[in-house]
Amino acid sequence: MRIAIDTMGGDFGPRATLRGTASALLRDPRLSATLVGPGHLLDAELDSLPASLSRVRDRLQTLAVDGIVASDARPSRVVRSREPSSMSRALDLVASGQADACVSAGNTGALMALAMRDVGTVEGVERPAICAAVPTQGERSCSLLDLGANVAVAPQHLLAFARMGAVRCQLVEGVTNPRVGLLNVGVESGKGTAQVQEAHALLAGSGANFDYLGFVEGGDLFAGEVDVVVCDGFVGNVVLKSSEGLAQMLSAQLGATLAADWRTRLMAWLARPALTRLSRQLDPVRYNGASLLGVAGVVVKSHGGAAAEGFAYAVSRAASEARRGLPERLAHALKGSLPG
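Quick caveat: nothing in here was measured; it's all calculated off a predicted structure.

Right, let's get into the sheet that holds strand 3 (residues 60-64). Spatial ordering of the open sheet is given by 3-2-1-4-11-10-5-6-9-7-8, a layout of 11 strands whose pairing is mixed. What marks the edges here is a single partner per strand, and that holds for strand 3 and strand 8 (211-216). The mean angle between the axes of side-by-side strands here comes to 25°, regardless of whether they run parallel or antiparallel. As defined by bridge partners, strand 7 (residues 179-183) adjoins strand 9 (residues 228-230) across 3 bridges and the pair is classed as parallel. Within the sheet, the bridge partner assigned to leucine 182 lies in strand 9 and is valine 230.

Residues Leu91, Val229 and Leu292 are the most contacted members of the largest nonpolar core, which totals 36 residues. The set of elements that each furnish at least two residues to this core consists of helix 5 (86-95), helix 6 (108-118), strand 5 (129-134), strand 6 (142-145), helix 9 (233-258) and strand 10 (290-293). Setting aside chain neighbours within four positions, we find valine 229 in contact with Cys142, Ser143, Leu144, Leu145, Gly181, Leu183, Val216 and Leu221.

Turning next to the pairing of strand 6. Along strand 6, one buried face is formed by Cys142 and Leu144 and the opposite face, lined by Ser143 and Leu145, is buried too. The pairing of strand 5 with strand 6 spans 4 bridges and is classified as antiparallel. In the sheet register, valine 134 faces strand 6, and the bridge partner there is cysteine 142. Note that strand 6 and strand 9 share 3 bridges and pair parallel. Across the sheet, the residue bridging to leucine 145 is valine 230, located in strand 9.

Quick notes on the rules
Here the residue numbers are simple positions, counted from 1 along each chain's written sequence. Where totals are concerned, whole chains, interfaces and linings use all residues; where local detail is concerned, this predicted model gives features only for residues with pLDDT of at least 70, and gives and counts side-chain atom pairs only at 80 or more. Side-chain figures throughout are based on the complete set of non-hydrogen atoms in the structure, without hydrogens or water. Should DSSP find at least two bridges between two strands, the strands are taken to pair. Under the DSSP-based scheme used, a helix requires at least four consecutive residues in state H or I and a strand at least two consecutive residues in state E, with every element numbered from the N terminus. To define axes, lines are fitted to C-alpha atoms, for helices over the stretch in contact only, and angles between the resulting N-to-C directions are given on a 0 to 180 degree scale. What we call a nonpolar core is a set of buried Ala, Val, Leu, Ile, Met, Phe, Trp, Tyr and Cys residues that are connected through their side-chain atoms within 4.5 Å. Throughout, exposure labels follow a simple rule: accessible area from a 1.4 Å probe, protein chains only, divided by the maximum for the residue type, with under 20% read as buried, over 50% as exposed, and the rest as partly exposed. Note on contacts: a residue pair is in contact if any heavy atoms of the two residues lie within 4.5 Å.

If you want it as structure tokens, here you go:
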């Protein structure tokens, strides 16, 4: 299986993306990758790979492309441009069948727009959505979508998001009957906008192969009692970014508190095994990688601030979806089931 990597996205440049890709390949001997970006930069990073990662160099190919999509580029302008970029060429590899999936940490809007233009969309899907996992108190994570691809949506789009999220949950996470909730300002039947109320009626009467729980609130995301939570892209993006910020603040505050004096340092030493397990469970790095559901190929967006370890998780997420044939299975599951 081959993954196309846009090496030029993200805050840490090709070093993080290349080393993250190598780490993913080291964990999975069935994977190979095509690294897309300026040739001289890729060659330099390959030559500087640590010995622990250089063992996978024979599974790393390069495709030299000098063009780069800027982080602040307008998606509409990127789509109109026919100049090749590392992002567009990585997607081209998926569209042409030369790669099984694409991973990029670049401009989210541009990635979605180019993916829709070059890879296309699953039949029956009008609006692809961005889906990511958030940690919960339960044994498995919760999938949240949309995370920014669709700021303004109609009720039928929220129904489509629920179906796509549930299918991914079934195929990739192995959940037989996913529990789906619609994010709202309250769980009472009379709360929410007219759009949310109409979406609720559609979901309740859809007859889909998931367990619709009705309205859920923000705190329910982390309780471990719902597998898929659906909302529009504006709300989803705010929820995700706020959650990330809160996790960072709590981690910093905990570290400062435990280092305050000798008593708290002793407590921290005694509690180290439990704190290590908690840190590993809540580490956002483990949940890096957002799927562009509804695109006719596997495309995963890595967080722009992810270092090499986080990017490796995004590559692994893409490989998992590609192995399960997610776009094809999604098309089969959704065929004829979405309202116009």
